[in-house]
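Now for the letters of each chain:
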Amino acid sequence: MQQSFLPFILLCILSISCSSANNTNNPPLAKRGVINLKGWNHRGSVELNGEWEFYWKKLLTVDDFSGKAPPPDCYVMIPSAWNGLRVGNTAIDGNGYATYRLILHTDAIGTSMAFRIIDMRTAYRFFVNGRQIASNGTVGTNRASSVPQYLPLVVEYIPETERLELILQISNFHHAW
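Criteria and cut-off values
Residues numbered from 1 in each chain as written. Predicted model: local features only at pLDDT ≥ 70, side-chain atom pairs only at ≥ 80, totals over all residues. Heavy atoms only, no water. Phe/Tyr/Trp six-rings, centres within 6.5 Å; stacked < 30°, edge-to-face > 60°. Helix = DSSP H or I, 4+ residues; strand = E, 2+ residues; numbered from the N terminus. Buried < 20%, exposed > 50% of the residue type's maximum accessible area, 1.4 Å probe, protein only. Lys NZ or Arg CZ within 6 Å of the ring centre and 35° of its normal. Salt bridge = Lys/Arg side-chain N within 4 Å of Asp/Glu carboxyl O. Polar contact = N/O pair within 3.5 Å; in protein donor to acceptor, adjacent residues only side chain to side chain. Contact = heavy atoms within 4.5 Å.

### Notes on the packing of aromatic side chains
No. 1: Per the counting criterion, the structure on display carries seven aromatic pairs.
No. 2: Between W56 and W82 the ring centres are 5.0 Å apart and the planes differ by 75 degrees, which places this aromatic pair in the edge-to-face class. One end of the pair, W56, is in strand β4 (residues 50-56); the other, W82, is in the loop between β5 (74-78) and β6 (86-87), and 26 residues separate them in sequence. Just as W56 is buried, W82 falls in that class too.
No. 3: One Lys or Arg, R101, reaches over the ring of F65 and ends 4.1 Å from the middle of that ring.
No. 4: R121 extends its terminal NZ or CZ atom over the ring of Y150, reaching a point 4.9 Å from the ring centre.

### Points about the pattern of salt bridges
No. 1: Applying the stated criterion to the full structure yields four salt bridges.
No. 2: In this structure, K38 engages E162 in a salt bridge whose closest nitrogen and oxygen atoms are separated by 2.6 Å. With K38 in the loop between β2 (34-36) and β3 (45-47) and E162 in the loop between β12 (153-157) and β13 (163-172), this residue pair connects regions lying 124 residues apart in the sequence.
No. 3: Residue K38 is classed as partly exposed on the basis of its relative accessible area, which comes to 38%.

### Quick look at the side chain of S171
No. 1: Along the polypeptide, S171 turns up in strand β13.
No. 2: Polar contacts involving the side chain of S171 include one to the side chain of S146, which spans 2.9 Å.

### Focus: the environment of E162
No. 1: Using a relative accessible area of 38% as the deciding quantity, one classes E162 as partly exposed.
No. 2: Along the chain, E162 and I109 lie 53 residues apart, while their C-alpha atoms are 6.3 Å from each other.
No. 3: Those residues in contact with E162 that sit more than four places away from it in its chain are K38, L104, H105, T106 and I109.
No. 4: For E162, the side chain forms a polar contact with the side chain of K38, separated by 2.6 Å.

Here it is as structure tokens:
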């Protein structure tokens, strides 16, 4: 059976200093493609878990979201694999490609943060506000154009705005477990 190693995405944000009297010990979760970290006192890391926008068989870029954004095929709980996910009337297996998108709101402008991508065992490209900051392998639309790679990464990023658009393009045509 083919399987996509959709991340245990992801992306952990490290070293953002903010404080709030309303902070709880429970980190925020993404809802309908948005996560709000404003005013949240996150010392250490926070996983960007929750509902990410999911676009099956589409490799979208920031340009595709300028103006009127296309509606997602669905929202996917991260971390998870796309195996068995239903898009329309079709159940997805492990083979394919997709775009995930999350809007992150932060008040950590100018503060160094890092995205830790540790368990993506296939090809991906990761963009923040339109700038590719990480990748592994070659993302493609079929087996011939896709090359998987497994290389855990930690990538530093310094936000210049309060709104970060995270776009993750993934393809998987090679892994079977």
